[in-house]
Amino acid sequence: MAARFLSKSSSGSSLLGALGTSLLGVGSVARQTTSNLTYSDIFFQQQRTFIQMGTKLKVVDNSGAKRVMCIQALKSKKGAKLGDIIIGSVKEAQPRGKVKKGDVVYGVVVRAAMQRGRCDGSHVRFDDNAVVLVNKQGEPIGTRVFGPVPHELRKKKHVKILALAEHIA
């Protein structure tokens, strides 16, 4: 569970390290068409999108759910970003949890693989898509939140989730 911070003033170095250097000899056609972009930029561009209908997310609280599939992203037709509320269906759950498999729940996106810009010019993106389950009033169902949580949730009025988080990125 790592967050990647990028700055606009970076020199374009590869985030993948050895993988990026091993791809340099792939072919002359690839080098000609992507002269401005690094191979890590191409790799991340293909995978990073909004959280939309059908996206499976990891649940990072102790509500009892393990995986949730997004049914609908509220307040946006494109999809959900960090701090947005989604409606999801529980696909995997622990045996004695507060929520069961098949339940329709609300959740707040706390980690997204899509890159998000910050006001200081840096960018943040996470390795996975994760959600914290909440009720209709926006209060968390679980009592703990695992892993890093971005401080952008404060702007979206999800202060209770930040209070429960063990690490704020």
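Residues numbered from 1 in each chain as written. Predicted model: local features only at pLDDT ≥ 70, side-chain atom pairs only at ≥ 80, totals over all residues. Heavy atoms only, no water.

## Quick word on the sheet that holds strand β8 (residues 130-134)
Here's step 1: Taken together, the 5 strands give a closed barrel; going around it, the order is β2-β3-β4-β5-β8, and neighbouring strands pair in mixed fashion. In this sheet, adjacent strand axes meet at a mean angle of 55° when their direction is disregarded.
Here's step 2: Two strands pair when backbone bridges link them, and strand β2 (residues 56-59) and strand β3 (residues 65-73) are joined in this way by 3 bridges, in the antiparallel orientation. Residue pairing in the sheet places K58 in a bridge with R67 of β3. (Pairing = 2+ DSSP bridges. Helix = DSSP H or I, 4+ residues; strand = E, 2+ residues; numbered from the N terminus. Axes fitted to C-alpha atoms, helices over the stretch in contact; angles between N-to-C directions.)

## Some words on the environment of N62
Here's step 1: Tracing the chain through its elements places N62 in the loop between β2 and β3.
Here's step 2: The sequence separation of N62 and Q94 amounts to 32 residues, and the corresponding C-alpha distance is 9.6 Å.
Here's step 3: When near neighbours in sequence (up to four residues on either side) are disregarded, N62 contacts G142, T143, R144 and F146.
Here's step 4: A distance of 3.2 Å separates the side chain of N62 from the backbone nitrogen of R144, its partner in a polar contact. (Contact = heavy atoms within 4.5 Å. Polar contact = N/O pair within 3.5 Å; in protein donor to acceptor, adjacent residues only side chain to side chain.)

## A word on the nonpolar core
Here's step 1: Grouped together as the largest cluster of nonpolar side chains are 20 residues, with contacts concentrated most on I51, I86, V131 and L133.
Here's step 2: Where this core is concerned, the elements lending two or more residues are β2, β3, β4 (85-93), β5 (104-111), β7 (122-126) and β8.
Here's step 3: If we skip the residues at most four places from it in the chain, I86 touches L57, C70, Q72, A73, L74, A80, V105, Y106, G107, V109 and V131. (Core = buried A, V, L, I, M, F, W, Y, C linked by side-chain atoms within 4.5 Å. Buried < 20%, exposed > 50% of the residue type's maximum accessible area, 1.4 Å probe, protein only.)

## Here we look at the pattern of salt bridges
Here's step 1: Applying the stated criterion across every chain yields a total of 3 salt bridges.
Here's step 2: D128 is paired through a salt bridge with R111; the nearest N and O atoms lie 3.1 Å apart. You can see D128 sitting in the loop between β7 and β8 and its partner R111 sitting in strand β5, a full 17 residues away along the chain. The same class applies to D128 as to R111, namely buried. (Salt bridge = Lys/Arg side-chain N within 4 Å of Asp/Glu carboxyl O.)

## So, the environment of I51
Here's step 1: Mapped onto the fold, I51 is located in the loop between α3 (39-47) and β2.
Here's step 2: The spacing of I51 and K78 is 27 residues in sequence and 8.5 Å in space, taken between C-alpha atoms.
Here's step 3: Ignoring any residue separated from it by four or fewer positions in sequence, one finds I51 in contact with L57, C70, A73, G79, A80, V109, R111, A112 and N129.

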